[in-house]
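A structural walkthrough
Listed here are the chains, written in short residue letters.
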Amino acid sequence: MFNRRKFIKASALSAGLMAIDKSSIANVLPENDSKAANFPIVISTWDFGIAANADAWKVLSSGGRALDAVEQGVWVPEADEKNQSVGYGGLPDRDGRVTLDACIMDEQGNCGAVLALEYIKHPISVARKVMEKTPHVMLAGDGALQFALEQGFKKENLLTPASEKAWKEWLKTAKYAPVVNIENKLYEKAAPQKLPGNQYNHDTIGMLAIDVKGNISGACTTSGMAYKLHGRIGDSPIIGAGLYVDNEIGGATSTGVGEEVVRNVGSFLVVELMRQGFSPDAACKEAVMRIIKKKPETAKNIQVGFLAINKKGEYGAYAIQQGFSYAVCNAEKQDLLIKGKSYY
């Protein structure tokens, strides 16, 4: 006989199963290394993000604003001449010109970007000036340089001897094609120890931070693909592609072959998936799968990775290929490096 006591027990069990199923569908329970973290927190792409996070942490740990933290954090790789895919020392385009792209976005939805900027070591700071000093979002090329000089930035040569030597070596064959994890391939023959898992593994830096007030900001900066066509722009300076922040939901950034990120408005997609209830990990994975589903053959030979954080401070990442890592810095640990999951 199905009495009242059994009915109540069965009802409770059903409710529990429904709750579990809802959590599973919404991807609320992360399935890998995502976790909640107390504010403040800063995360960034690639191994060299550890050093960048350290400078951002100086701002955050003293109660500073997330916007100031991400700007100061990405200054580190922008000024590092050994980093050949971000800022000073970056590999040039096929004409031997170092052109930089960057964007920044704050908790209020304000944003600024510079595209194909030459001769300025810190494009992220020029992007912030565009955001704060003009009615525009983007400035490009000569116009961006003119604006930067008017704002007091110093004009200097960004092509280092090492990058110039690499470019001249490339000119001997002048063959251009996107290479998976090219930041690793640069060292494969000359120094095989400089492969995934150390400070030499790098690409575009995307950084996301939450300050003590719970506000989110993000920054993304790069010298772009090595030996690209002059004037080529990837995803890094495009709001919604290389970076997107919604202070009610979270933020996302990307790395890799920017063309595919732009085609899928990748970072905006990740944030919108989190709005629907996806965890950061699951949102990044779904964005990667969109790219793979649309161009499965292309995806086999390129790298794209997404990194995200939600309003709770939960973070996660996912990439097409192996070799993508990201750095995390909070009160608990300042130099955490996590190997991102991947499809291949």
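Residues numbered from 1 in each chain as written. Predicted model: local features only at pLDDT ≥ 70, side-chain atom pairs only at ≥ 80, totals over all residues. Heavy atoms only, no water.

**Notes on the nonpolar core**
In plain terms, the rule: The criterion is simple. A nonpolar core is a set of buried Ala, Val, Leu, Ile, Met, Phe, Trp, Tyr and Cys residues joined through side-chain atoms within 4.5 Å. A simple rule labels every residue: compare its accessible area, found with a 1.4 Å probe on the protein chains alone, to the largest value its type can have, and call it buried under 20%, exposed over 50%, or partly exposed in between. Numbering goes from the N terminus for both helices and strands, where a helix is a DSSP run of H or I of at least four residues and a strand is a run of E of at least two.
With 83 residues, the main nonpolar core has Val-270 and Phe-306 as its most contacted residues. It is helix α10 (residues 280-294) that provides the largest number of residues to this core, a total of seven residues.

**A look at the sheet that holds strand β13 (residues 341-342)**
Strand pairing in a sheet relies on backbone hydrogen bonds, with the paired strands running either antiparallel or parallel. Where we set the bar: Any two strands with at least two DSSP bridges between them are considered paired. Throughout, a contact is declared for two residues whenever any of their heavy atoms are within 4.5 Å. To define axes, lines are fitted to C-alpha atoms, for helices over the stretch in contact only, and angles between the resulting N-to-C directions are given on a 0 to 180 degree scale.
An order of β7-β8-β9-β10-β13 is seen for the five strands of this open sheet, with the pairing classed as mixed. Edge positions in the sheet fall to β7 (243-246) and β13, since each has one partner strand and no second. Pairing of strand β9 (residues 304-310) with strand β10 (residues 315-319), which is carried by five bridges, proceeds in the antiparallel orientation. Residue pairing in the sheet places Ile-309 in a bridge with Tyr-315 of β10. Taken strand by strand, helix α9 (residues 266-275) contacts β7, β8 (250-256) and β9, and its axis lies near 145 degrees from that of β8. Against the sheet, α10 contacts β9 and β10, and its axis sits at roughly 20 degrees relative to β10.

**Quick word on the sheet that holds strand β12 (residues 336-339)**
The strand order β4-β3-β2-β6-β5-β1-β11-β12 describes an open sheet built from eight strands, whose pairing is mixed. Two strands bound the open sheet, and with one partner strand each, they are β4 (138-140) and β12. Taken over all neighbouring pairs, the strand axes of this sheet differ in orientation by 10 degrees on average, direction set aside. As paired elements, strand β1 (residues 41-45) and strand β5 (residues 205-210) share four bridges and run antiparallel to each other. If you follow Ile-43 over to β5, its bridge partner there is Leu-208. On the sheet, helix α4 (residues 123-133) packs against β2 (100-105), β3 (111-117), β4 and β6 (216-222) and is oriented at approximately 130 degrees with respect to β3. Against the sheet, helix α5 (residues 141-150) contacts β3 and β4, and its axis sits at roughly 105 degrees relative to β4.

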